[in-house]
Each structure stands twice: as structure tokens, then as C-alpha cells.
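Below, each chain spelled out in residue letters.
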Amino acid sequence: MPQIGLHYIVVPFTNNHQRRLTMDFRPALSRSTADLLTSLFRIASVISLVFLDAPTVDAQPNHAPKTSAEKFKNVWVLSDMPADQMGKVMNMMSASLGVNCSFCHEGTNFAKEGVGHKDAGRKMISMTLGLNKEFFGGKTEVTCNTCHQGKSKPVSNVELTQAKPIVRIHQPQFQPSADDILAKHIQAVGGKQKLDSIKNRHVIAKRREIHGGSEPEELWQTSNGLTRMVTQYGSVSVVEGFDGSQAWKRVNENAIELKPDEAEQIKLEAVIAFGSNMHTMYSEFAFQSADRIEDREVIVLSGLNPSKMPERLSFDSQTGLLRRRVLSVATLLGEFEYQVDYVEYQEFGGILQPTKIRFAVPNITWTREVTKIEINTEIDESIFRLR
Ligand code: HEC
Ligand code: HEC
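Not measured: the values here are computed from a predicted model.

(A) Examining the overall build of the protein more closely. A count of helical and extended segments in the protein gives eight helices and 16 strands. Expressed as a percentage of its 387 residues, the buried residues of the protein come to 34%. When contacts within the protein are restricted to residue pairs at least 6 apart in sequence, those whose partners lie at least 24 apart make up 53%.

Below, the structure written as C-alpha cells:
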């Protein structure tokens, strides 16, 4: 399933009962899906993640999740890892080394052996898992990034020049409560009364890729959490939404399977846009620390989102505005994090709304630049359903 940004595309395989997938997924695809994927590769200048996924419908629904050995062809060291972590782990490995998939793979034939640094990668995976097992009681303390830090060959020597001054962050003596911090944010964007008067938003934006290209985006969101977003890659539209009970996604007419963390991201973005009911979304919500994002001091709250995944929310200490949201998903090789930065806010309809939002996952970054927001417009609620 090629992924463009957070746009995961599941490749529908024809044979549901196949234990292991064929070498190259292309022959297994229907003609139209193969064409679609090829055009997506062309349109998005970076192939962020090409990844395979099996159909949702399994013969035995109560079966344990598939392991990587069951689903993929040539996995020997990641064999016991749940198959749905494969894409995340591969992206984290690439990001840790500062490389693309092609450092270890040839095109989309990921199962092919003897390519690039694949064997070296395999040895390193064994070493990393071994270190954690032998020295850290099986906890994922050492990851690729512990040593590599964005370089394919780690730097062993101490850096002598360019020493950065250590910024000490003053930890507050009295820790603010999560409620106080949220109340300050709501006040900062315009107050509860104004927020409550907003029933829906229609947003026109651009998705700007890190290498300069951009695609038009359009969003519809309601205060009770319904959402729909369309990103147009040339003739290919990627559409995602939440209809009140289910999050969904499709590429042109092909529906896509969402993992729980992906579904959660789609739902949460709509809630965050309205601010006022944020406190009901998180459990065990509490002060974590004071920190810094670029030159601003922030207060970090941590909590569990509705799917019980840990999140950290950072609020500007002075303005009170939400500045960053980070969702963590545990994998065999460390935490896969989604980071959403609310970089700029502007006033629309009497409240401050984020107009520049930067999204990042390991190996992929893009920015949403909002050009227009209409408030309380006519919206036909059927658009929030998958169709
Ligand atoms: C540093 C090397 C390295 C990089 C970079 C890398 N991979 Fe891998 N990949 C491997 C290794 C090693 C395996 C086999 C793991 C095993 O034996 O358990 C593998 C296996 C896979 C498989 C399973 C293939 C099969 O059916 O056997 C997929 C899919 C995959 N990688 C996708 C990707 C994608 C997509 C990227 C880029 C986002 C990527 N990889 C980047 C080293 C790498
Ligand atoms: C304990 C430190 C450490 C960890 C953890 C670690 N590596 Fe390495 N890795 C190294 C060192 C040191 C080298 C360089 C060896 C050399 O120069 O020959 C290296 C080299 C490599 C290379 C070969 C690069 C080249 O240009 O030849 C690959 C690929 C690689 N590591 C992948 C990984 C992956 C993937 C992970 C995580 C699963 C990982 N490493 C975890 C220390 C580490």
C-alpha cells in the first residue's frame, strides 16, 4: 500500500486465503488499481511509504492478528512482529538512517533479497532486538535512532565544534492542572461562548509537500465531530471522513482499510478544530513538563485519547494556544509518532483558528496552509458518509 503522507493506500489482494503474498504485488492487483498506484507515484514527488496490507475480511475473524512471517515473504528477523507494524517500522528505520526505501530495496519489490543494504539492515535489526532483550529486560530502549540519529553511518566521535548552548527549561513550582491549561487555550482562541456558536467549518487549503509541490485540499467539519477531507492529486482524489460512528478513507472509488491509529487521527483533527470539547476526549489528562518548541516555552500535558493511545499536547505558556499534538503508537522498534504542529492561527468568524498546520510522521512531513474558512454554512450531512 503506497502511502502519501498519511494517505495510506491498501492494495487489495485477490486471494484472501493466501498465507504469504507474492513477490511483487503488482501482478496481483486489478488493472485499474495498478494504474492508480502508478499515477500516485508520479504525482507525489516522494514515495513516502509503499506498503502492503491484506484485506480486512479474514476467513476467521477472531484469529490473532497476522504476524509478519505469515503475511510477508522474506522476513526472518521481524517474523513475530504484528504485520500491521511493518510500514511504521520501515519508515522509522528509513528516518533513523536518513535514507529512502531504495537504500535497502529495489523499487516496490520489497521481498527481493541481496539488494543494497538489506542484509546489513537485517543484522542491525537482530542486534537491536538482542540488545533490548539481553540488557533492557525486553523493553524497547535501544532503537535504530539511538545510534544513527539520521545518518546511515553513526558518528562515534564527540562533536567538537558547533557546541550548542544547553537551554535549561525552568520547571514550574506549582504544576498547572490540565483543566486550567485547556481553559486558557479556549479563552485564547476567543472564549467558550463564541466557540459554541460555531456549528461547522468549510476550509479551503493547500497541502504543501516538503519538496515544494502542493495539492488542493478541502475540509468540512462539524462541532459534533463529523468530518470530510478531500486532497486532489491531479485526477486522483484521496478522501477521508468520519460519519459519527466510523472513520473511512478512499482513493478515487477504492475504499481503504484504516488502522486504529489512522482512524483516531481523522476523528481527532475535527475535534481539535473546535477546541471546546477537547477535555472530554482525553483521559488521565495531566501536566507532564515545561518544554520548548523553537523559541517558545510550552506546557506539555499528557493523556490517553479515546482509543487509549498516549498523546502529548503542548500549549504556549504565554498565549495559551495549542502548539503541538503528538500521538504515539508502540512498535517492535520503538514509538511511531504522529506530530501535528499548529504553527499559525488567524481570526475567522471571531475566533482564532489554526491556518498553518505541519504534519509529521517518521520520514514524511507536509504542511496544510489554510486560505479560507467559512463558518456556519449549509452542509449536506450525507457528505460525511463513505460513498
Ligand atoms: C536499512 C534498510 C531498510 C530500509 C531503509 C527499508 N527496509 Fe524494508 N526491509 C529491510 C529488511 C532487512 C527487511 C527484512 C526483514 C526481516 O528479515 O525480518 C525488510 C522487509 C520489508 C518488507 C517485507 C517484504 C517481504 O514480503 O518480505 C516490506 C514490505 C518493506 N521492507 C518495505 C519497506 C519500505 C516501504 C521502506 C521505506 C519506507 C523500507 N522497507 C525501508 C530493510 C530496509
Ligand atoms: C548500537 C548502535 C547501533 C544501533 C542500535 C543500530 N546501528 Fe546500524 N550501524 C551502527 C554502526 C556503528 C554502523 C557502521 C558500521 C560501519 O561503519 O561499518 C552501522 C551501520 C548500519 C548500516 C550500514 C550503512 C552503510 O552505509 O554501510 C545499516 C544499513 C544500518 N546500520 C541499519 C540499522 C538499522 C535499520 C538499525 C535499527 C534496526 C540500526 N542500524 C541500529 C550502529 C548501530
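(B) Representation of the site of ligand 1 in the model. In the region of ligand 1, 29 residues are neighbours, and Phe 72, Val 75, Cys 101, Cys 104 and Gly 121 sit closest. When residues of the shell around ligand 1 are traced back to their parent elements, those giving at least two are strand E3 (49-50), helix H3 (86-97) and helix H4 (118-135). Per element, the largest residue contribution to the shell around ligand 1 is six residues, and it comes from H3. Split into classes, the residues belonging to the shell around ligand 1 amount to 19 nonpolar, seven polar and three charged.

(C) Examining the nonpolar core more closely. Formed by 32 residues in total, the largest nonpolar core has its most connected members in Ala 178, Ile 181, Ile 299, Leu 301, Phe 315 and Leu 322. Those elements giving two or more residues to this core turn out to be helix H6 (178-189), helix H8 (260-274), strand E11 (296-304), strand E12 (310-316), strand E13 (322-331), strand E14 (334-348), strand E15 (351-361) and strand E16 (364-375). Formed by 16 residues, the second largest nonpolar core is a distinct cluster that contains Val 75, Met 81, Met 86 and Met 90.

(D) Structural detail: the site of ligand 2. Around ligand 2, 17 residues are found, and the nearest of them are His 117, Ala 120, Met 124, Cys 144 and Cys 147. Contributing elements (two or more residues each) for the shell around ligand 2: H3, H4 and helix H5 (144-148). For the shell around ligand 2, the leading source of residues is H4, giving five residues. Its residues placed into classes, the shell around ligand 2 shows 10 nonpolar, six polar and one charged.

(E) Quick look at unusual backbone geometry. Unusually for a residue other than glycine, Asn 252 sits at a positive phi of about 45°. Relative to the helices and strands, Asn 252 is located in the loop between strand E8 (247-251) and strand E9 (254-255). Given 14 C-beta atoms within 10 Å, Asn 252 falls into the partly exposed group.

(F) Focus on the pairing of strand E10 (residues 283-293). Examined bridge by bridge, E10 and E11 share eight bridges and lie antiparallel to one another. Pairing of Ala 286 across the sheet is with Ser 302, part of E11. Linkage of E10 to E11, two consecutive antiparallel strands, is achieved through a turn of two residues, within which Glu 294 is found at a positive phi near 50°.

(G) The arrangement of the environment of Ser 328 in detail. Take Ser 328: it is sitting in strand E13. In sequence terms Ser 328 and Arg 312 are 16 residues apart; their C-alpha atoms lie 8.6 Å from each other. Apart from residues no more than four positions distant in its own chain, Ser 328 is found in contact with Met 309, Pro 310, Glu 335 and Glu 337.

(H) Just H4, in detail. Taking 1.5 Å per residue, 18 residues should reach 26 Å; H4 reaches 25 Å between its end C-alpha atoms and fits that length. Along H4, the residues that are buried comprise Gly 121, Ile 125 and Thr 128. Seen along its axis, H4 keeps its buried residues to an arc of 70°; they face one direction. Of the residues in H4, the exposed ones pointing more than 90 degrees away from the buried face are Asp 119, Ala 120, Lys 123, Gly 130, Lys 133, Glu 134 and Phe 135.

(I) Geometry of H3. Along its 12 residues, H3 runs 17 Å from first to last C-alpha, staying within 8% of the 16 Å computed at 1.5 Å per residue. Taking burial as the measure, the 12 residues of H3 include 11 buried ones, the bulk of the element. Buried residues of H3: Met 86, Gly 87, Lys 88, Val 89, Met 90, Asn 91, Met 92, Met 93, Ser 94, Ser 96 and Leu 97, and no others. Following H3 by one or two positions, Gly 98 has its phi on the positive side, about 70°.

(J) View of the pairing of E14. Note: E13 against E14, eight bridges, orientation antiparallel. Each bridged residue has a counterpart across the sheet, and for Thr 331 the counterpart in E14 is Gly 334. Here E13 folds back onto E14 in antiparallel fashion, the turn holding two residues. Sheet analysis places E14 next to E15, joined by nine bridges and oriented antiparallel. Residue pairing across strands places Glu 347 opposite Leu 352, the latter belonging to E15.

Each value, and the rule that gives it
- All residue numbers refer to positions counted from 1 along the written sequence of the respective chain.
- Chain letters start at A and ligand numbers start at 1, both assigned in the order the entries are written.
- Owing to the predicted nature of the model, reporting of local features is limited to residues with pLDDT of at least 70; listing and counting of side-chain atom pairs is limited to 80 or more, with chain, interface and lining totals taken over all residues.
- Helix numbers and strand numbers start at the N terminus; a helix is a DSSP run of H or I with at least 4 residues, a strand a run of E with at least 2.
- Any residue whose C-beta has 12 or fewer other C-beta atoms within 10 Å is treated as exposed, any with 20 or more as buried, and any in between as partly exposed, C-beta atoms being built from the backbone.
- In this description, any two residues whose backbone-derived C-beta atoms lie within 7 Å of each other are considered to be in contact.
- Nearness here has a simple definition: the residue's C-beta atom, placed using the backbone, must lie within 6 Å of the molecule or strand.
- Side-chain classes are defined by residue name, with Ala, Val, Leu, Ile, Met, Phe, Trp, Tyr, Cys and Pro counting as nonpolar, Asp, Glu, Lys and Arg as charged, and the others, Gly among them, as polar.
- When buried Ala, Val, Leu, Ile, Met, Phe, Trp, Tyr and Cys residues are joined through C-beta atoms within 7 Å, the set is termed a nonpolar core.
- At least two DSSP bridges between two strands are needed for those strands to be called paired.
- Take the residue count of a helix, subtract one, and multiply by 1.5 Å to get its expected span.
- Throughout, the arc means that of the directions going from the helix axis to the C-beta atoms.

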